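# A structural walkthrough
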Amino acid sequence: MPKLPQPPPHPPSDQGHTFGEVVILDLDLRIEWKWKWISVILWLLSENELLQLKMADQRNGSGQPSNAARNVYAIDVEKFKIRLKAFYSNWNENKAGLWGSSDVIAIATPPPSEDLRYLKSSALNIWLLGYEFPETVMVFMKGQIHFLCSQKKASLLEVVKKPAREVVGVDVMMHVKAKTDNGTDLMEAIFRAIRSQLGADEQVAPVVGHIVREAPEGNLLETWSEKLKGAGFELADVTNGLSDLFAVKDADELINVKKAAFLTCSVMNNVVVPKLENAIDEEKNITHSALMDEAEKAILDPTRAKAKLKADNVDICYPPIFQSGGEFDLRPSAASNDESLYYDSASVIIIAVGSRYNSYCSNVARTLMIDATPLQSKAYAVLLKAQEAAIGALKPGNKLSAAYLAALSVVEKEAPELVPNLSKSAGTGMGLEFRESGLNLNAKNDRMVKAKMVLNVSLGFQNLHNQTKNPKIQNFSLLLADTVIAGDQNPDVVTSKSSKAVKDVTYSFNEGEEEEQKPRARAEMNGGENLMSKTTLRSDNGEISKEELRRQHQAELARQKNEETARRLAGVGSANGDSRAASKTSADLVAYKNVNDIPPARDLMIQIDQKNEAVLLPIYGSMVPFHVSTIRTHQGAIYLKEVSFRSKDPRHISEVVQQIKTLRRHVMARESERAERATLVSQEKLQLAGNRFKPIRLTDLWIRPVFGGRGRKLPGSLEAHVNGFRYSTSRAEERVDVMYANIKHAFFQPAEKEMITLLHFHLHNHIMVGNKKTKDVQFYIEVMDVVQTLGGGKRSAYDPDEIEEEQRERERKNKINMGFQSFVNRVNDLWTQPQFSGLDLEFDQPLRELGFHGVPHKVTSFIVPTSSCLVELVETPFLVVTLGEIEIVNLERVGLGQKNFDMTIVFKDFKRDVLRIDSIPSTALDGIKEWLDTTDIKYYESRLNLNWRQILKTITDDPQSFIDDGGWEFLNLEASDSDSDNSEDSDQGYIPSDAEPDSETEEEDSDSESLVESEDDEEDDSEEDSEEEKGKTWEELEREASNADKEKANDSDSEQERNRRKAKAFGKSRAPPRPAPRMPKRPKFR
């Protein structure tokens, strides 16, 4: 960038402009000089505009204006109250220790600077007030808070007076400094207030705490520092107190840290690593500083890293660091030089990237190795294990020193010769400052780990040596760093999406021919013979290599999954109570209150009383009433299972049967809806936008599930209000409210190969849509009309009418998709507001390129992954599976010659039924394996379908045996094959079944013609459970006798023939024959 000419040596006049220059002059803000040779330009900004520009500057410590400068400044009063109370509480509790016995705390914030720096004073401004107030002095006393600042800042700080008095009982005093005043008199007034508040006499000097390490800058702070030192006060350092105050983060702060970590990982995964891989693969010459610039641009513009975050809210923690070629510096202050990236064999590349979101920091560092030497491989493996040990030690109740000591213990055990090269610290605390003093993870820090602390766990080996004369690879270092949040029990590594596994950080050359590799500078490779690139990333070596890397990663996932499952099972009680809602008892069912209410007998015929929901049966000459709910089954009560009547009039008995069915269906539907409504979680009331803002609106939408009723279905509109969505049609009763707090996942799926564009909400708790209880609500528009040609003949592809019609359809589809996209973008912007930060809401979009066909329910559907779910949103019932709830995935019926296979998803909640997706084409197998592996989901393969209900019951009944036997490794096909070559029963307690029952019991081939036995699928399968236990009908007895006759007839067959048939029937299922005297059913493999 060309340098601008220097301004003239004389100072600018008060009018603020001279020929050829533009001056924006304000004593509260720094002077901006812009040189212009062509014409005279004078920018006239009001004082308020200048102040808003300054106060909206979110760049903590850098002083550089951010894109947020256009936003109006406002102090969050509620957050101020909470944090001011926390400030005074911490001060009172730790006054003698961390706060240096300070009676008064004085914090002076310097003017802005072009340098990227972190100051405790700026951090306190942002933490307490939400923004940095430069050139402002804050003095905290037990009964007062004093602000020394300009008139504009004082007017903005007026809003804190009332809340400060409410929460801690202090008065806020403003000392307004005029532009021409040096503030001396105001400072003396503050000093008098200090003496007056403390009642200090001549002999006892008040203790005033300040930040010792921050040197005064600017006229105001220099004058303040000089006056403070000469005021006769005893001065103390409050750095440790502020560090402890900032250490434990609240929910909003943790959200900011996680978003910063998400951005950091996105930059690493989507920008940095691909750029490096491309440079290595194509042998490009690129400098460390050029890579630094690319990474910094990606942080400042998150769309480059495929991160949906506002650029106004992000910034860098430090300039990204790239090091290679034997020169390494593991300190955070290291810089990327102008040397070319070096990536010959045995070379090491260190990358460190840090980003901020709303001023909160995150950090990640990784080491890449090219054709690693044995020393490099061993050192990296030890470093990885040591860092994991350090992270694992960050549990509440442990000392901060435990992290470093855990890492040191691993190195001493695994590679004692590397102990001298281990870094002397395992990292620091992190938050508004990149390095929070007082939270260093070294061997001497005795401060305790607390839940919700954020730490940068950074560990490395320095100055290791390869046995070579090449100076570029003779010396090397290794570094790993992650952002970690200390949890209530276990730490959360929020930068885990950036992989540090050996397979992901190691690259190799093709070794097709053995030859001595000579070091060569990339800058000298300008011409000469055309040689093909010799470097190929390990991930591009072909299918065998991919499968091997995947197998290694899956083995590591298996270890982690078994440990996680063991911890979870150890904390789960053995109670296996039925979670279903209790049904009504027989005492609750009253058809008639007394005998007189029973209608008079009518020729002793079966009667149906629709009004009282009763069936009257003639028994021994009397009409006996039965409530319709007690017919056939009633859980937990005596019920009418079967009665036999003869009728002279077949039409009458048919009408009776139909009436009973209709009445029973109506009653069951009503009771089901009543029970569902009783279990609904109460929702907050929708707050309409009203005059606050115009609601975001999307019109002409259809809803699924649909409203009840027989009228014509009507489209409606969806509106985004203050705390939720409202969908409504022109009918007053057709209205659905979806609260933001109840949304678990939100999806936007534009129409590509589908007929609809849709918005889908998967909810935490059920809501009622019409009379249906649901957790999934969808709003959609059909992008094409279904048209049928009446002539029946084919139309020409060159038919102008056909071409015009297709063009109209494309335009309609694009218009609808754009309308939905605009709605989604506006709602996403709404969800970024502070009041929704704890919900972590954002519309997710399915990744069609990763999709596959399968049968999750009854029909073949196109199932698509998203960033956090596996979904199918077109066919009903919908499929939404949260990836974080998945324990493992078992791919079943996988084998040579199979055209299809099945996917069984086992959830972490073992009381939840597994989800099976059937009939997935075998061509999708590798893609699904790759997707599961990249999302860190452990998968297994089996040749048969397994009886998962029995398997999960066995695990929950005896979890310790499951853990002792290797956890999920009984599903490992390769291990089980090798361990059971001579064994018939390789799965022991986990025996695959010939068929997983479609219902909870098998009511086999019943031909009984009871009145209501041919009911629809609305009834629970549990009804058949209770029915089978009660006894056998005449039809069942007759069927058994018939089967016995068949067995006798088979006695005439030869023994050999019977054995052959039996082996054929049972050999397919690998399950023992059933003892029932009926012919074996053909096994089903689902």
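All values reported here derive from a predicted model rather than from experimental measurement.

## Topic: the overall build of the protein chain
- Along the backbone of the protein chain there are 24 helices and 36 strands.
- For the protein chain, buried positions account for 46% of its 1086 residues.

## Considering the pairing of strand β22 (residues 716-720)
- The buried fraction of β22 is high, at 5 of 5 residues.
- By the alternation rule, side chains of β22 split into Gly716, Leu718 and Ala720 and Ser717 and Glu719, which are all buried.
- Across 4 bridges, the pairing between β22 and strand β23 (residues 724-728) is antiparallel. Directly across from Ala720, in β23, lies its bridge partner Phe725.

## Quick notes on the side chain of Thr729
- Within the secondary structure, Thr729 sits in the loop between β23 and β24 (735-739).
- Here Glu734 takes part through its side chain, which lies 2.7 Å from a polar atom of the side chain of Thr729.
- Among all residues touching Thr729, those that are not within four sequence positions of it are Phe707, Leu714, Pro715, Gly716 and Glu734.

## Points about the packing of helix α6 (residues 184-198) against helix α7 (residues 218-229)
- The geometry of α6 relative to α7 is characterised by a closest axis approach of 10 Å and an angle of 40° between their N-to-C directions. With respect to α7, the element α6 is oriented oblique. Crossing geometry of α6 relative to α7 is assigned as right-handed. Taken together, the residues of α7 that come into contact with α6 (itself represented by Thr184, Met187, Glu188, Ile190 and Phe191) are Leu220, Thr223, Trp224, Lys227 and Leu228.

## Notes on the sheet that holds strand β25 (residues 743-749)
- Overall, mixed pairing links the 8 strands, which are arranged β24-β23-β22-β21-β27-β26-β25-β28 in an open sheet. In this open sheet, the two strands that pair with only one neighbour each are β24 and β28 (843-844).
- The sheet contact formed by β25 and strand β26 (residues 756-769) spans 6 bridges and is antiparallel. In the strand pairing of β26, Gln749 is matched with Leu758.
- Running at roughly 115° to strand β21 (residues 696-704), helix α17 (residues 800-831) makes contact with β21, β22, β23, β25, β26, β27 (772-782) and β28 of the sheet.

## Describing the confidence of the model for the protein chain
- Confidence in the prediction for the protein chain averages 78 pLDDT; 74% of positions are at 70 or higher.
- Note that pLDDT drops below 50 for residues 1-71; the model gives that stretch 117 contacts with residues more than four away or on any other chain.

## Comments concerning the packing of aromatic side chains
- Tallied over the full model, the rule gives 25 aromatic pairs.
- Measuring from ring centre to ring centre gives 5.1 Å for Phe725 and Tyr740, while their planes differ by 85°; the resulting arrangement is edge-to-face. Here Phe725, found in strand β23, pairs with Tyr740, found in the loop between β24 and β25; they are 15 residues apart in sequence, far enough to count as distant. Take Phe725 and Tyr740: they sit in the same class, and that class is buried.
- Positioned above the aromatic ring of Tyr780, the side-chain terminus of Arg704 is 5.1 Å from the ring centre.
- Above the plane of the ring of Phe907 lies Arg912, whose end atom (NZ or CZ) is 3.6 Å from the centre.

## Concerning the state of the cysteines
- This structure, assessed with the given rule, holds 0 disulfides.
- Between Cys361, a cysteine without a disulfide, and Cys317, which holds the nearest cysteine sulfur, the sulfur-to-sulfur distance is 3.5 Å.
- A relative accessible area of 0% places Cys361 in the buried class.

## Examining the packing of helix α2 (residues 77-93) against helix α8 (residues 239-247)
- Between α2 and α8, the least distance of the axes is 10 Å, while the angle of their chain directions is 130°. Looking at the two axes, α2 sits oblique to α8. Considering how the two elements wind past one another, α2 and α8 form a crossing that is right-handed. From α2, Ala86, Phe87 and Asn90 reach across to α8, where they touch Gly241, Leu242, Asp244 and Leu245.
- When grouped by side-chain class, the residues that make up the contact of α2 with α8 number 4 nonpolar, 2 polar and 1 charged.

## Some details on the nonpolar core
- Ranked by size, the top nonpolar core spans 127 residues in total, and within it Phe87, Leu124, Leu129, Phe140, Leu242 and Phe461 carry the most contacts.
- Here the element with the most residues in this core is helix α9 (residues 251-281); it accounts for 13 residues.
- Lining this core are residues from two domains, each supplying at least three of them: domain 1 (77-246) and domain 2 (251-507).
- Residues contacting Leu242, with those up to four places away along its chain left out, are Phe87, Trp99, Ile107, Lys120, Leu124 and Ile211.
- Formed by 35 residues, the second largest nonpolar core is a distinct cluster that contains Val736, Phe779, Phe820 and Leu830.

## A look at unusual backbone geometry
- Cis geometry is adopted by the peptide bond preceding Pro705, which originates at Arg704 and carries an omega value of 0°.
- Here Pro705 lies in the loop between β21 and β22.
- Cis geometry is adopted by the peptide bond preceding Pro877, which originates at Thr876 and carries an omega value of -5°.
- You can see Pro877 is positioned in the loop between β31 (869-872) and β32 (879-882).
- Residue Glu135 is not a glycine yet carries a positive backbone phi of 50°.
- Within the secondary structure layout, Glu135 lies in the loop between α3 (120-129) and β4 (136-140).
- Using a relative accessible area of 22% as the deciding quantity, one classes Glu135 as partly exposed.

So, how was this worked out
Residue positions are counted from 1 within each chain, in the order its sequence is given. The predicted origin of the model limits local features to residues at a pLDDT of at least 70 and limits the giving and counting of side-chain atom pairs to 80 or more, whereas totals for whole chains, interfaces and linings rest on all residues. Working from all heavy atoms in the structure, the side-chain values ignore hydrogens and water. Starting at the N terminus, helices and strands are each numbered in turn, a helix being any DSSP run of H or I of at least four residues and a strand any DSSP run of E of at least two. Exposed residues in this analysis have more than 50% of their type's maximum accessible area, buried residues have under 20%, and partly exposed residues fall in between, with area computed by a 1.4 Å probe over protein chains only. When DSSP finds two or more bridges between a pair of strands, those strands are recorded as paired. Two N or O atoms form a polar contact when they lie within 3.5 Å of each other; inside protein one atom must be a possible hydrogen donor and the other a possible acceptor, and for residues adjacent in sequence the pair counts only when both atoms belong to side chains. A contact between two residues is defined here by any heavy atoms of the two lying within 4.5 Å. Note on definitions: angles span 0 to 180 degrees between N-to-C directions of axes, and those axes are lines fitted to C-alpha atoms, for helices only across the stretch in contact. Any angle that is under 35 degrees is reported as roughly parallel, and any over 145 degrees as roughly antiparallel; angles of 65 to 115 degrees are reported as roughly perpendicular and all others as oblique. Put simply, a crossing is left-handed when the front helix is turned counterclockwise from the back one by less than a right angle, and right-handed when it is turned clockwise. Residue-level confidence of the predictor is summarised by pLDDT, bounded by 0 at the bottom and 100 at the top. For Phe, Tyr and Trp, rings pair up if their centres lie within 6.5 Å, where Trp contributes its six-membered ring, and each pair is then called stacked (planes under 30 degrees apart), edge-to-face (over 60) or tilted (otherwise). Definition used: whenever NZ (Lys) or CZ (Arg) falls within 6 Å of the ring centre and also within 35 degrees of the ring normal, the charge is taken to sit over that ring. The rule for a disulfide is simple: a pair of cysteine sulfur atoms within 2.5 Å. Amino acids outside the nonpolar list (Ala, Val, Leu, Ile, Met, Phe, Trp, Tyr, Cys, Pro) and the charged list (Asp, Glu, Lys, Arg) are all regarded as polar, and Gly is one of them. Residues belong to one nonpolar core when they are buried, are Ala, Val, Leu, Ile, Met, Phe, Trp, Tyr or Cys, and are joined through side-chain atoms within 4.5 Å. The domain boundaries here were taken from an automatic or database domain assignment.

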